[in-house]
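Residues per chain, in single letters:
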Amino acid sequence: MSDSDRIRAQLNARLAQLTTEAKEIDAELREPDSADAEDRAIEQEGDEVLERLGESALKEIAAVRAALKRIEAGTYGSCTVCGEPVGEKRLEAVPYAPRCINCAAG
Ligand SMILES: [Zn+2]
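Presented here is a report on the structure given in the accompanying data block. In every chain, residue numbers begin from 1 and rise along the written sequence. Owing to the predicted nature of the model, reporting of local features is limited to residues with pLDDT of at least 70; listing and counting of side-chain atom pairs is limited to 80 or more, with chain, interface and lining totals taken over all residues. Just so you know, side-chain values use all the structure's heavy atoms and leave hydrogens and water out.

## Regarding the nonpolar core
- Among the nonpolar cores identified, the biggest contains 18 residues, and Leu 11, Val 64 and Tyr 76 are the most heavily contacted of them.
- A helix here means a DSSP run of H or I that spans at least four residues, while a strand means a run of E at least two residues long, and both kinds are numbered starting from the N terminus. Elements that contribute at least two residues to this core include exactly helix 1 (3-30) and helix 2 (37-73). Nonpolar cores are built from buried Ala, Val, Leu, Ile, Met, Phe, Trp, Tyr and Cys residues. Side-chain atoms within 4.5 Å join them into one set. Relative accessible area decides the class of each residue, using a 1.4 Å probe on protein chains only: under 20% of the type maximum gives buried, over 50% gives exposed, and in between gives partly exposed.

Encoded structure:
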(Lines give C-alpha, C1' and ligand atoms only; values in the text may rest on other atoms or scores of the structure.)
Protein backbone atom coordinates (compact mmCIF):
# COMPACT_ATOMS: atom_id res chain seq x y z
CA MET A 1 0.00 0.00 0.00
CA SER A 2 1.45 3.34 -1.01
CA ASP A 3 1.55 6.33 1.29
CA SER A 4 -1.28 8.09 -0.47
CA ASP A 5 -3.42 4.93 -0.35
CA ARG A 6 -2.78 4.68 3.36
CA ILE A 7 -3.71 8.33 3.88
CA ARG A 8 -6.78 7.99 1.67
CA ALA A 9 -7.95 4.96 3.69
CA GLN A 10 -7.37 6.89 6.89
CA LEU A 11 -9.32 9.90 5.62
CA ASN A 12 -12.19 7.74 4.35
CA ALA A 13 -12.44 6.01 7.72
CA ARG A 14 -12.55 9.38 9.47
CA LEU A 15 -15.15 10.61 6.99
CA ALA A 16 -17.38 7.59 7.70
CA GLN A 17 -17.05 8.14 11.42
CA LEU A 18 -17.88 11.85 11.14
CA THR A 19 -20.87 11.16 8.89
CA THR A 20 -22.26 8.74 11.48
CA GLU A 21 -21.71 11.29 14.24
CA ALA A 22 -23.39 14.05 12.25
CA LYS A 23 -26.38 11.79 11.54
CA GLU A 24 -26.73 10.87 15.20
CA ILE A 25 -26.58 14.52 16.22
CA ASP A 26 -29.14 15.40 13.59
CA ALA A 27 -31.47 12.63 14.79
CA GLU A 28 -31.18 13.85 18.41
CA LEU A 29 -31.94 17.40 17.41
CA ARG A 30 -35.07 16.24 15.62
CA GLU A 31 -36.48 14.53 18.70
CA PRO A 32 -39.65 16.32 19.81
CA ASP A 33 -39.29 18.63 22.80
CA SER A 34 -40.74 17.56 26.12
CA ALA A 35 -44.09 18.97 27.24
CA ASP A 36 -42.66 19.83 30.64
CA ALA A 37 -41.22 23.38 30.80
CA GLU A 38 -38.29 22.44 33.02
CA ASP A 39 -37.38 19.44 30.87
CA ARG A 40 -37.65 21.64 27.83
CA ALA A 41 -35.15 24.14 29.22
CA ILE A 42 -32.66 21.34 29.85
CA GLU A 43 -33.26 19.93 26.39
CA GLN A 44 -32.66 23.30 24.79
CA GLU A 45 -29.31 23.61 26.53
CA GLY A 46 -28.45 20.13 25.31
CA ASP A 47 -29.55 21.08 21.80
CA GLU A 48 -27.16 24.04 21.76
CA VAL A 49 -24.28 21.77 22.70
CA LEU A 50 -25.37 19.29 20.03
CA GLU A 51 -25.61 22.04 17.43
CA ARG A 52 -22.05 23.10 18.14
CA LEU A 53 -20.89 19.48 17.92
CA GLY A 54 -22.80 19.14 14.67
CA GLU A 55 -21.19 22.25 13.24
CA SER A 56 -17.70 21.10 14.11
CA ALA A 57 -18.44 17.65 12.63
CA LEU A 58 -19.64 19.28 9.40
CA LYS A 59 -16.56 21.49 9.24
CA GLU A 60 -14.32 18.49 9.73
CA ILE A 61 -16.24 16.56 7.05
CA ALA A 62 -15.59 19.43 4.62
CA ALA A 63 -11.90 19.48 5.56
CA VAL A 64 -11.55 15.71 5.09
CA ARG A 65 -13.32 15.87 1.71
CA ALA A 66 -11.03 18.70 0.61
CA ALA A 67 -7.99 16.63 1.63
CA LEU A 68 -9.28 13.65 -0.43
CA LYS A 69 -9.61 15.98 -3.42
CA ARG A 70 -6.03 17.18 -2.90
CA ILE A 71 -4.88 13.54 -2.97
CA GLU A 72 -6.70 13.07 -6.30
CA ALA A 73 -5.19 16.29 -7.63
CA GLY A 74 -1.73 15.31 -6.40
CA THR A 75 -1.39 18.42 -4.25
CA TYR A 76 -1.86 16.66 -0.91
CA GLY A 77 0.78 17.70 1.62
CA SER A 78 1.33 21.11 0.07
CA CYS A 79 0.04 24.19 1.88
CA THR A 80 -3.09 25.52 0.15
CA VAL A 81 -1.91 29.09 0.82
CA CYS A 82 1.84 29.21 0.13
CA GLY A 83 2.47 25.81 -1.53
CA GLU A 84 5.22 24.85 0.91
CA PRO A 85 5.09 21.38 2.53
CA VAL A 86 2.54 21.22 5.35
CA GLY A 87 4.98 19.09 7.32
CA GLU A 88 4.98 15.40 8.17
CA LYS A 89 4.38 15.87 11.88
CA ARG A 90 1.45 18.17 11.24
CA LEU A 91 -0.12 15.70 8.83
CA GLU A 92 0.47 12.86 11.24
CA ALA A 93 -1.51 14.73 13.89
CA VAL A 94 -4.17 16.06 11.49
CA PRO A 95 -4.10 14.19 8.15
CA TYR A 96 -6.44 16.72 6.52
CA ALA A 97 -4.53 19.85 7.62
CA PRO A 98 -4.68 22.19 4.59
CA ARG A 99 -2.08 24.77 5.64
CA CYS A 100 1.49 24.79 6.88
CA ILE A 101 2.13 25.96 10.43
CA ASN A 102 3.05 29.48 9.30
CA CYS A 103 -0.12 30.00 7.27
CA ALA A 104 -2.33 28.29 9.87
CA ALA A 105 -0.97 30.62 12.55
CA GLY A 106 -1.55 33.70 10.44
ZN1 LIG B 1 1.73 27.93 4.01
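## Examining the coordination of the zinc ion
- Taken together, Cys 79 (SG), Cys 82 (SG), Cys 100 (SG) and Cys 103 (SG) make up the protein donors of the zinc ion, found 2.3 to 2.4 Å from the metal.
- Think of the donor list as every N, O and S atom within 2.8 Å of the metal, or within 3.2 Å for Na, K and Ca; water never makes the list, so a site can look incomplete. Geometry is assigned from the angles between donors: four donors with all angles from 85 to 135 degrees make a tetrahedral site, four or six donors whose opposite pairs exceed 155 degrees while the rest stay between 65 and 115 make square planar or octahedral sites respectively, and everything else is labelled irregular. Around the zinc ion sit four donor atoms, and with donor-metal-donor angles ranging over 106 to 115 degrees the site reads as tetrahedral.
- Along the chain, the residues donating to the zinc ion are arranged with the sequence spacing C-x2-C-x17-C-x2-C. Of this pair, Cys 82 sits in the loop between helix 2 and helix 3 (88-93) while Cys 103 sits in helix 4 (residues 101-105); the two residues are 21 residues apart in sequence, bridging distant segments of the chain.

## Structural notes on helix 1
- An ideal rise of 1.5 Å per residue puts 40 Å on 28 residues; helix 1 measures up with 41 Å between its terminal C-alpha atoms.
- Those residues of helix 1 that fall on the buried side of the exposure criterion are Ile 7, Leu 11, Leu 15, Leu 18, Ala 22 and Ile 25.
- In the core, the buried residues of helix 1 are packed alongside helix 2. Expected helix span is taken as 1.5 Å per residue step, with the number of steps being one fewer than the number of residues. In this analysis, two residues are considered to be in contact whenever any of their non-hydrogen atoms come within 4.5 Å of each other.

## Considerations on a negative patch on the surface
- Where like charges cluster on the molecular surface, the negative patch consists of Glu 21, Glu 24, Glu 28 and Glu 31.
- By the secondary structure assignment, Glu 24 is in helix 1.
- Its relative accessible area of 52% is what places Glu 24 among the exposed residues. Patch criteria: residues need more than 30% relative accessible area and no salt bridge. Like-charged residues are merged within 9 Å; nonpolar side chains of Val, Leu, Ile, Met, Phe, Trp and Tyr are merged within 5 Å. Method for areas: the Shrake-Rupley scheme with a 1.4 Å probe, in which residue coverage is limited to the protein chains shown. Basic side-chain nitrogens of Lys or Arg form a salt bridge, by our definition, when they fall within 4 Å of a carboxyl oxygen of Asp or Glu. In this count, Lys and Arg are taken as positive residues and Asp and Glu as negative ones, while His and the chain termini are left out. To locate a charge, take atom NZ for lysine, CZ for arginine, CG for aspartate or CD for glutamate.

That's the geometry; what it means functionally is another story.
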